[in-house]
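# Observations on the model geometry
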Amino acid sequence: MRSPWEIIRKSLALKLIATAGLSLVLSVAALSWVAIVHQEEILMSYVVNEADRLGNTIKLGTRYAMMINSRDDLNQIITNIGSQPGIQAVRVYNKEGAVKFSNLAREVDTVTDIRSQACIVCHQSSPPPADAPLQSRTRIFVDENGQRRLGIISPIHNEPGCSENCHFHPADKKVLGAIDVVLSLEATDREIASFQSRSVAFTFIVLAGMGAAIFVFMGRFVIRPIKKLIVGAQLIAEGGQCTRIDIDQPDEMGTLVHTIERMGRSISDKQIELNRQRDEYQALFSQVPCIITVQDKNFRLLRYNQEFREKFRPRPGDTCYHAYKGRSDKCPNCPVEQTFKTGRSYTSEESGIDADGAMRHWLVTSSPIRNAEGEVVAAMEMCLDISSRKQLEDKLEKSERKYLAIFQNIPNPVFVLDQSSLAILDCNESVNPVYGFDRAELLGQSFLSLFPEDDREAYALKLRQKSLHDRVINVAKDGRRLFVTVRLSPSEFSGQKVLLVTTSDMTKRLETEQQLIQASKMATLGEMATGMAHELNQPLTVIKTAASFVHRKMERGEELARDILATLTQEIDAHVDRASKIINHLREFGRKPEMKLEPVNVGGVLIRSLDIFSQQLKLREIEVVQEIDPDLPPVMADAGRLEQVFINMLINARDAIEDKWCDKWGARPEAEPAPCPSASDPKRITLRAQLSGGRVRVEIADTGCGIPTGVKDKIFEPFFTTKRVGKGTGLGLSISYGIIQDCGGFIDVVSSPGAGTRFIIDLPVLGEQHGASGE
């Protein structure tokens, strides 16, 4: 039989009732006890105050008798008072503790010990105080009959009337004696006992009523709903649907019911979803397009999907190694075996013949299946058919070998650079014949190490900004300077962003071009020789004339005036400077410098080119019109080669004007006769230089016979000339075309027979240069 405590411990309702009942009993009992104590204190306080007033009344009533020392009156008064109900004794003590008056005759003239219960109030200190508080003067004791008694001592003070004339009490005495009034507390005790009885009865009644109310409340609003909740929760636990619990309370219990109903619906919905997902995963397991098997520790197939069944057609109780490969024992390095040993997943690649006899390749992954205790009881093996990937890998490997062979055998050097640091990650074998470095020497080095030190900082930025760089100077291992064309394209190499760079050695081509340019310069100098003789002849003539004049004066012994001598020396000095300038200009023009692009003032170069021909053009009565903007922005060009272009244009313009006959072009078709210039036609060369559309445009126009339409498209071809044999090389315009292109510009010609020729040269302003970089 279960103990009451065990029954209460397993019942929420009993625990609630016991807890609430005990709390209620303790609370009401404590409240009743406090009320009884409080009531007792009130009654006792009332009795004490009444006894004290009685003592004071007796003292006032006997005052006159004491003043006149009427002992009979005092005895009578005390006896009368003491005979009242509830008054047990009235005593008058003197200072020595002797009872001088009492309603009890046997006590008169008896002496009381000052340490007795009545006297200790005042005599607990020496000397006794004249006044004492009421609480100190009050005593409660039990008499010989077991009844409680209340005694109050009231002091009798010495008054002026007591120490004058007839009485013998000295004035220095404060207290003459004391009145002791003893009252019976029997009525008070009965009242207190009655109140206690009523309080206890009320307490039991309240407890019974509240206990009944709690029991009804708990049964109606707690126990019954909890039982219904238990039924609903059990239904949910068993997997059923609990959509409605018959409890309609607008309180916390009602909220709990609604919450459990929602929980039941939610669990039911989730169970349905779980069932759906289970079916879905079961279907996925069966229909997934890869091979899935579940094996035990003996490698026997416990479960497998449809893909495995169709590919290998296993027999009941078959093992994985027999079904896969027809083996009689397990495969070496079996991932399933490793999974059973370590409890971890493993991956490997396997090959074998499928049921159709084709070689297949699989990526095999095994993972453990554990029971509730965490023990590995089975292993799942998933095989992904990678036969197509293997075939692609084989093709990719062949393709890589092919492209590696192409990479290594490209005749131009090819570099693979890190996009951020420009470090050389790889290069082909063609680097060695061009640069002299072995492949191992360059790997890890910066591509900028192939540039001259002065150019490295500039090209560190340029290589990242532009994809084509022409006429770039590189340095070979032996210190040779190479001119190369650098082409860059972004790509990926081993998973990182790189720059694929090819360089083309153009050193020999540039040397050949340089030789042609130099040959053209020499030819131009040859054509300029006659004009230069005229240019030098004038300053020499002036110098000769001045020197002869001075010589004659000296032979005659005549003195020269200082102003005449100063004028002669100034003329000589000026013409010597002019001759030196012409000679230095010719010597500088005939040099063979490397092409170097730098900021150039096109107008200044054009005027400098004209200076060589100014005198001979005047002698030939050719007018030169200059329309040159003095504030032209600079362009990136080679000043020496740009001057060569302008000189070629001026020579062609001069020759075109001097040749007055239309047959100077020789190859003119008969169907295209050109009018011959008359003697009145102007002989003029016009030079223009101005800013046009963000570019500097130079125009050199002449009033010659023009160029026949049939040959205009060929004039920029190498070795093509319309001049007589021995007068032109056919290189001037071709080299001029190449120089302008190297400066990032272009050259064009506008001409018609008999209307003159106008060459137009456009060069980009500095900051908008593109041509020199090859873009």
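Residue positions are counted from 1 within each chain, in the order its sequence is given. It should be noted that, the model being predicted, local features are given only for residues of pLDDT at least 70 and side-chain atom pairs only at 80 or more, the latter also being counted only at that level, while totals for whole chains, interfaces and linings use all residues. To get the side-chain values, all heavy atoms of the structure are used, and hydrogens and water are removed first.

### Things to note about the nonpolar core
For this analysis, a nonpolar core means a set of buried residues of the types Ala, Val, Leu, Ile, Met, Phe, Trp, Tyr and Cys, connected via side-chain atoms within 4.5 Å. Buried means the residue's accessible area, taken with a 1.4 Å probe over protein chains only, is under 20% of the maximum for its type, while exposed means over 50%, and partly exposed covers the values in between. Core analysis: the biggest nonpolar cluster contains 42 residues, and Leu-642, Phe-646, Val-698 and Ile-761 have the highest contact counts within it. For this core, the elements supplying multiple residues, two or more each, are α18 (602–619), β18 (635–637), α19 (639–658), β19 (684–692), β20 (695–702), α20 (732–742), β21 (746–751) and β22 (757–764). Numbering of helices and strands runs from the N terminus; a helix is a DSSP stretch of H or I covering at least four residues, while a strand is a stretch of E covering at least two. Ranked by residues supplied to this core, first place goes to α19 with nine residues. Contacts: residue pairs with any heavy atoms within 4.5 Å of one another. Once you skip the residues sitting within four places of it in the chain, Leu-642 turns out to touch Val-600, Val-602, Val-605, Ala-637, Ile-739, Ile-740 and Leu-763. By size, the runner-up hydrophobic cluster in this structure holds 25 residues, among which are Val-434, Leu-448, Leu-450 and Val-486.

### Here we look at the packing of aromatic side chains
Stacked, tilted and edge-to-face pairs are distinguished by plane angle, under 30 degrees for stacked and over 60 for edge-to-face with tilted covering the rest, among Phe, Tyr and Trp rings (Trp via its six-membered ring) whose centres lie within 6.5 Å. Enumeration over the complete set of coordinates arrives at eight aromatic pairs. Taking 5.3 Å as the distance between ring centres and 35° as the angle between the ring planes, the aromatic pair formed by Phe-308 and Phe-312 counts as tilted. Here Phe-312 and Phe-308 lie together in helix α9 (residues 306–312), a separation of four residues that amounts to about one turn. Given the relative accessible area of 0%, Phe-308 is considered buried. Classification of Phe-312 by relative accessible area gives buried; the value is 8%. Aromatic pair Phe-415 and Tyr-435: ring centres 6.0 Å apart, planes at 75°, arrangement edge-to-face. In this pair, Phe-415 is assigned in strand β11 (residues 414–418) and Tyr-435 in helix α13 (residues 431–435), connecting sequence segments 20 residues apart. The burial state of Phe-415 is the same as that of Tyr-435; both residues are buried. Aromatic ring contacts, followed pair by pair, group Phe-415, Tyr-435, Phe-447, Phe-451 and Tyr-459 into a single cluster. When the NZ atom of lysine or the CZ atom of arginine is within 6 Å of a ring's centre and also within 35 degrees of its normal, the charge is said to sit over that ring. Sitting over the ring of Tyr-459, Lys-462 keeps its end group 4.9 Å from the ring centre.

### Structural notes on the side chain of His-469
Of note, His-469 is situated in strand β13 (residues 468–475). Pairs of N or O atoms are called polar contacts if they sit within 3.5 Å, as long as, within protein, a hydrogen donor faces a hydrogen acceptor (for residues adjacent in sequence, only side-chain-to-side-chain pairs). Polar side-chain contacts of His-469 include one of 3.1 Å to the backbone oxygen of Lys-466.

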